[in-house]
There are 2 protein chains.
Amino acid sequence: MYRNAKNVGYYMIGPDSTDQLFDLMRPVREANPDSPAIWFIDHFFTNHALVERLNILEWDMRVFVDTSEEPTCESVDKYTEQVKHFLNGRKACALLAFGGGSTMDTCKCVGNLLTNPGKAADYQGWDLVKNPAPYKIAVPTLSGTGSESSRTGIMTNHEKMLKLGMNSDFSLFDQVVLDPRLAETVPRNQYFYTGIDTFMHCFESLTGNYRNKVVDTFAEKSLELSEKIFLSDDMMSPDNRELLMIASYNGGQAAGFVGIVHPLSAGLGVVLGIHHGMANCYALSVLEEFYPKPYEVFMKMMEKQKIDLPKGICKNLTDKQYDALYEASIVHEKPLMNRLGEDYKKILTKEKVIDLFKKM
Amino acid sequence: MYRNAKNVGYYMIGPDSTDQLFDLMRPVREANPDSPAIWFIDHFFTNHALVERLNILEWDMRVFVDTSEEPTCESVDKYTEQVKHFLNGRKACALLAFGGGSTMDTCKCVGNLLTNPGKAADYQGWDLVKNPAPYKIAVPTLSGTGSESSRTGIMTNHEKMLKLGMNSDFSLFDQVVLDPRLAETVPRNQYFYTGIDTFMHCFESLTGNYRNKVVDTFAEKSLELSEKIFLSDDMMSPDNRELLMIASYNGGQAAGFVGIVHPLSAGLGVVLGIHHGMANCYALSVLEEFYPKPYEVFMKMMEKQKIDLPKGICKNLTDKQYDALYEASIVHEKPLMNRLGEDYKKILTKEKVIDLFKKM
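Residues numbered from 1 in each chain as written. Chains lettered and ligands numbered in written order. Predicted model: local features only at pLDDT ≥ 70, side-chain atom pairs only at ≥ 80, totals over all residues. Heavy atoms only, no water.

Asker: What's the story with a negative patch on the surface in this structure? I'm lost.
Answerer: Residues and elements named next belong to chain A. There is a patch of like negative charges on the surface, built from Asp 66, Glu 69, Glu 74 and Glu 159. Along the chain, Glu 159 turns up in the loop between β8 (154-157) and β9 (162-167). A relative accessible area of 76% means that Glu 159 is categorised as exposed. (Patch = residues over 30% accessible without salt bridge, like charges linked within 9 Å, V, L, I, M, F, W, Y side chains within 5 Å. Areas by Shrake-Rupley, 256 points an atom, 1.4 Å probe, with all protein chains shown as cover. Salt bridge = Lys/Arg side-chain N within 4 Å of Asp/Glu carboxyl O. Lys, Arg positive; Asp, Glu negative; His and termini not counted. Charge placed at Lys NZ, Arg CZ, Asp CG, Glu CD. Helix = DSSP H or I, 4+ residues; strand = E, 2+ residues; numbered from the N terminus. Buried < 20%, exposed > 50% of the residue type's maximum accessible area, 1.4 Å probe, protein only.)

Below, the structure written as structure tokens:
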């Protein structure tokens, strides 16, 4: 049985394409005259001039998403309640995400919960969402996670000590607007850590056992673009910002077939609250034996872009924390088998895993 | 103003994925219990065992498309009449195309005419179709044209001596099924001529003035795959058949920004009825001065695959025929400007164009 892969409905790309958002929304506005739009905006943009350019209507709802922590089941449930309270029985004509991976994932998950009963945690897994979500638009202000084109919205479940997504066709955006100017003012470190995520999930996909030839072509191309961007003199040049948006968009379609980096990264996220992009970098920094070539390229990129990854983040933790790091990593059976085969627990023993964390 | 690019809704890929067609259709069948499906099938498959595997229902309609000639406005109008007569006021739950570019283009154009008034010729051009077409599925049995993922359905208009498509988002398929086994028994020459179309529109797109960076990444990847396939020892190996399906699918999204090959090819199609793939080969065979590198690669591919392109097809034509060849080529302003700039008529004088045809 082959999987039937769903695509993002529409995409638009170009500097200042954000200015066409109002026109893009006209049909859904007109078709739903009594329905406001819900805007999920990274809290970084509170009172920011960029938000004025979005043409948000008076009666729309603005949800400023606190991205200092990545989405959790609790935060998603909280935003869902706020939106439901605001809508008060009305439908939303559109949900929009203006931000990076955390904002987009929040928008995707809340979308599913507006049309499906229960809590966020009920839908962590594969194809558990039953009803279509409202129409959704992504306007990424940061690229790399691929959330704009992937079928998942990742949430940390603190109760289960697990980082897992709502994997569903209904999580996909209907419209994506890629405006490379939005990333102009991102701090260099953040641009790197987020952008490099594309490199991470693409090489993981290409070195795995579970392959899909279409996904491979996306991953190969995105990998090529990532290397071009992060080995160039100015990773944030206008051209590179645009290429990174493309790499991220294409790479998002390659996500889902990851390897060892993402499980270790999830461990860091769950236990220490380290953000996904940076956590990936820590993970790869100790995985040379499993990924010698990507490790080498990655180290060159870090050097070229003068990115400093402070050592020792997992030193002097409690035994309980080390146990938790192991558990929150090893639980990711699919990706670990993708790289290491069925006997992955024989290779990644508890001792080995804790040792890897201690090296970070 | 940037264009909002629409994607194919869903795609599935893999050997024998055709066997999942019945399941893929279940939701539209169930949602439209009184609506039959309309199957556009290349007439080559009349009484062919493959058709039995499609699970066509008793009350569905089978339209065997005569692909000895490529689609014309007349043929599309004729098939539209037949389908309307069969439906007799009912709706179709789905239109399916099982064949190569001609069959898929016929399906796309008839689809638009089932929900829009008038004749095929009324919609040759850009964004003239006003109402959405019925749900459409493509199952290509031959790859290269990219029709399965492009927003156009090409028709020859004999009255206007013009080859032009119905360029519309409504022309796009909702579902594509890519089954590389379907191309197992295609004659080598036909496989080459059709497959090479991807190479053609991708290098034309990449050497043009009108560029789009997303389209570029698709075109670059498809070009790389085409070269890999057609410079290998066996262009029809199972792996290469699958890669060609991917290259064609990705390349279809790069179509629309072509150059000089396609206009000359359109001339050959309109005036001499030469099929698109072969006509492209004739065109490139005399365009070394404009495309030196692609010309060289193409010649190597021809040699490697032992493809014989008989010379002299435009020798000894009448003056009227040469005039017609010129007219049917030079009318394609957009692609010619894409490669040659606004002064393209100063470069491609009538004498020059006729001379190129005489060299074929």
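Asker: I keep staring at the interface of chain A and chain B and nothing clicks. Help me out?
Answerer: Interfaces are often sized by the amount of accessible area the parts lose when they come together. The interface is formed by 36 residues belonging to chain A together with 36 residues belonging to chain B. Carbon and sulfur atoms supply 54% of the area buried between chain A and chain B, which totals about 3300 Å² over both sides. It is Tyr 2, Tyr 11 and Lys 213 of chain A that lose the most area in chain A upon contact with chain B, and together they represent 23% of the buried surface on that side. For the interface between chain A and chain B, the tally reads 6 salt bridges. The interface formed by chain A and chain B contains 20 residue pairs in polar contact (both at pLDDT 80 or more). Counting residues per element, the ones that place at least two in the side of chain A that touches chain B are β1 (5-6), β2 (10-13), α6 (213-230) and α7 (238-252) of chain A. Taken together, the residues of the side of chain A that touches chain B sort by class into 16 nonpolar, 10 polar and 10 charged. Two elements, β1 of chain A and strand β2 (residues 10-13) of chain B, share 2 bridges in a ladder whose sense is antiparallel. When the sheet's bridge partners are listed, Ala 5 of chain A is paired in β2 of chain B with Tyr 11 of chain B. (Contact = heavy atoms within 4.5 Å. Buried area = accessible area lost by both parts, 1.4 Å probe. Polar contact = N/O pair within 3.5 Å; in protein donor to acceptor, adjacent residues only side chain to side chain. Nonpolar A, V, L, I, M, F, W, Y, C, P; charged D, E, K, R; others polar. Pairing = 2+ DSSP bridges.)

Asker: Would you take a moment to explain the sheet that holds strand β1 (residues 5-6) of chain B for this structure?
Answerer: In sheet architecture, strand pairing relies on hydrogen bonds along the backbone and comes in two forms, parallel and antiparallel. The 7 strands lie next to each other as β4(A)-β3(A)-β5(A)-β7(A)-β10(A)-β2(A)-β1(B), forming an open sheet whose pairing is mixed. Every interior strand has two partners, whereas the edge strands, β4 (61-65) of chain A together with β1 of chain B, have only one. Of the strand pairs in this sheet, β2 of chain A and strand β10 (residues 175-178) of chain A are connected by 4 bridges, and their pairing is parallel. Looking at β10 of chain A, one finds that Tyr 10 of chain A is bridged to Gln 175 of chain A. Along the sheet face, helix α1 (residues 21-31) of chain A touches β2, β3 (37-42), β5 (94-99), β7 (136-140) and β10 of chain A and points at about 145 degrees away from the line of β3 of chain A. (Axes fitted to C-alpha atoms, helices over the stretch in contact; angles between N-to-C directions.)

Asker: What is the right way to read the nonpolar core from this model?
Answerer: Burial of nonpolar side chains together is a common tendency in soluble globular proteins. Ranked by internal contacts, the top residues of the largest apolar core, which has 202 residues, are Phe 192 and Leu 287 of chain A together with Phe 192 and Leu 287 of chain B. Not counting residues within four places of it along the chain, the set of residues in contact with Phe 192 of chain A comprises Phe 230, Met 235, Cys 281, Phe 298, Met 301, Met 302, Gln 305 and Ile 307 of chain A. (Core = buried A, V, L, I, M, F, W, Y, C linked by side-chain atoms within 4.5 Å.)

Asker: Help me understand the relation of the copies chain A and chain B in this model?
Answerer: Take chain A, turn it by 180 degrees, move it 0.0 Å along the axis, and it overlays chain B with an RMSD of 0.0 Å. Taken together, the rotation and translation describe the operation of a two-fold axis. Mapped onto chain B, 100% of the interface residues of chain A again fall at the interface, so both copies present the same surface. (Least-squares fit on C-alpha atoms with pLDDT ≥ 70 in both.)

Asker: Help me out: how do you make sense of the packing of helix α6 (residues 213-230) of chain B against helix α10 (residues 292-304) of chain B in this one?
Answerer: A pair of packed helices is captured by two measures, namely the crossing angle of their axes and the spacing between those axes. Where α6 of chain B meets α10 of chain B, the closest approach of the two axes is 9 Å, and the angle between their N-to-C directions is 35 degrees. Listed contacts from α10 of chain B to Ser 226, Glu 227 and Phe 230 of chain B of α6 of chain B are Val 297, Met 301 and Lys 304 of chain B.

Asker: How do you make sense of the packing of aromatic side chains when you look at a structure like this?
Answerer: Any two aromatic rings considered together are summarised by their centre-to-centre distance and by the angle between their planes. Counting across every chain of the model gives 17 aromatic pairs over all chains. Measuring from ring centre to ring centre gives 5.4 Å for Phe 192 of chain A and Phe 230 of chain A, while their planes differ by 80 degrees; the resulting arrangement is edge-to-face. Residue Phe 192 of chain A is located in helix α5 (residues 188-206), and its partner Phe 230 of chain A is located in helix α6; the two are separated by 38 residues in the primary sequence. Accessibility assignment for this pair places Phe 192 of chain A and Phe 230 of chain A in one class, buried. It is Lys 78 of chain B that lies over the ring of Tyr 79 of chain B; its NZ or CZ is 4.5 Å from the centre. The cationic tip of Lys 358 of chain B hangs over the ring face of Tyr 322 of chain B; the distance from NZ or CZ to the ring centre is 4.9 Å. (Phe/Tyr/Trp six-rings, centres within 6.5 Å; stacked < 30°, edge-to-face > 60°. Lys NZ or Arg CZ within 6 Å of the ring centre and 35° of its normal.)

Asker: Looking at this structure, I do not really get the sheet that holds strand β8 (residues 154-157) of chain B. What am I missing?
Answerer: Reading across the sheet, the 3 strands line up as β6-β9-β8 (chain B) and stay open at both edges, with mixed pairing between neighbours. Single-partner strands in this sheet number two, and they are β6 (125-126) and β8 of chain B.

Asker: Honestly, the side chain of Asp 197 of chain A in this entry has me stumped. Any pointers?
Answerer: Residues and elements named next belong to chain A. Mapped onto the elements of the fold, Asp 197 is located in helix α5. For the buried Asp 197, no salt bridge is present, and the opposite-charge side chain at shortest range is Lys 163, 8.7 Å distant. Once residues lying within four places of it in the same chain are set aside, the contact partners of Asp 197 are Gly 144, Thr 145, His 262, His 276 and Asn 280.

Asker: Mind showing me how you'd approach helix α4 (residues 101-115) of chain B here?
Answerer: The α-helix advances 3.6 residues per turn, and as a result positions three or four apart in sequence lie on the same side. The first and last C-alpha atoms of α4 of chain B sit 22 Å apart over 15 residues, in line with the 21 Å expected at 1.5 Å per residue. Taken across its 15 residues, α4 of chain B has 13 buried, putting it largely inside the fold. (Expected span 1.5 Å × (residues − 1).)

Asker: Please clarify how a nonpolar patch on the surface should be interpreted in this entry.
Answerer: All names here are of chain A. Taken together, the side chains of Phe 22, Leu 57 and Trp 59 present a nonpolar region at the surface, about 250 Å² in accessible area. By the element assignment, Leu 57 lies in the loop between α2 (49-52) and β4. By relative accessible area, which is 31% here, Leu 57 ends up partly exposed.

Asker: Whenever I open this one, the pattern of salt bridges confuses me. Can you help?
Answerer: Charged atoms that come close allow side chains of opposite charge to pair. Per the counting criterion, the structure on display carries 38 salt bridges over all chains. Each of the salt bridges in this network shares a partner with another, and the network as a whole consists of Asp 16, Asp 19, Arg 53, Arg 181 and Glu 184 of chain A.

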